[in-house]
Amino acid sequence: MKEMDLILGPYADAHIGQLGPDELDAYERLLDENDQDLYLWITGTKTRPERLMPLLGEIARASGVGR
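Since the model is a prediction, treat every value here as computed from it, not as a measurement.

Trainee: Explain the side chain of glutamate 33 to me, please; I cannot follow it from the model alone.
Mentor: Tracing the sequence through the fold places glutamate 33 in the loop between helix H2 (21–31) and helix H3 (35–43). There is a polar contact of 3.0 Å between the side chain of glutamate 33 and the side chain of arginine 51.

So this is what it looks like as structure tokens:
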């Protein structure tokens, strides 16, 4: 989904080098999720799953699209 490329690409470019091993694992798990769900979670349209909430919140803040 193009929207997720526009959100996740810049986030990865800016932050991937600063993530620790656990955070990288979480980011990889996030990439396995359905793009349509990710978009709704990041924009705050759909309740974020607890297991991904910290990372989704960080990506939403960094992208300026989430609540």
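Trainee: Even after reading the chapter, I still don't get H2, so can you show me in this structure?
Mentor: Owing to its 3.6 residues per turn, the α-helix brings residues three or four apart onto one side. Restricting attention to buried positions, one finds in H2 the residues Ala26, Tyr27 and Leu30. An end-on view of H2 places all buried positions within 100° of arc, on one side of the element. Turned more than 90 degrees away from the buried face of H2, the exposed residues are Pro21 and Glu28. In this structure, the buried residues of H2 make contact with helix H1 (2–15), H3 and helix H4 (53–63).

Trainee: Could you clarify how one ought to interpret the pattern of salt bridges in this entry?
Mentor: When the charged atoms of two side chains lie near each other, side chains of opposite charge can form a pair. All told, the structure shown has two salt bridges when counted by the stated rule. Between glutamate 33 and arginine 51 there is a salt bridge, with its nearest N and O atoms 3.0 Å apart. Taken as a pair, glutamate 33 in the loop between H2 and H3 and arginine 51 in the loop between H3 and H4 lie far apart in primary sequence, 18 residues in all. Judged by its relative accessible area of 58%, arginine 51 falls in the exposed class. Salt-bridge contacts for lysine 46 lead to aspartate 37; the nearest nitrogen and oxygen are separated by 3.3 Å. You can call lysine 46 partly exposed: its relative accessible area is 37%.

Trainee: Explain the side chain of arginine 48 to me, please; I cannot follow it from the model alone.
Mentor: As for its placement among the helices and strands, arginine 48 is situated in the loop between H3 and H4. No salt bridge is formed by the buried arginine 48; the nearest opposite charge belongs to glutamate 50, separated by 10 Å. At 2.7 Å, the side chain of arginine 48 forms a polar contact with the backbone oxygen of tryptophan 41.

Analysis parameters
- Residues numbered from 1 in each chain as written.
- Predicted model: local features only at pLDDT ≥ 70, side-chain atom pairs only at ≥ 80, totals over all residues.
- Heavy atoms only, no water.
- Helix = DSSP H or I, 4+ residues; strand = E, 2+ residues; numbered from the N terminus.
- Polar contact = N/O pair within 3.5 Å; in protein donor to acceptor, adjacent residues only side chain to side chain.
- Buried < 20%, exposed > 50% of the residue type's maximum accessible area, 1.4 Å probe, protein only.
- Arc of directions from axis to C-beta.
- Contact = heavy atoms within 4.5 Å.
- Salt bridge = Lys/Arg side-chain N within 4 Å of Asp/Glu carboxyl O.
- Lys, Arg positive; Asp, Glu negative; His and termini not counted.

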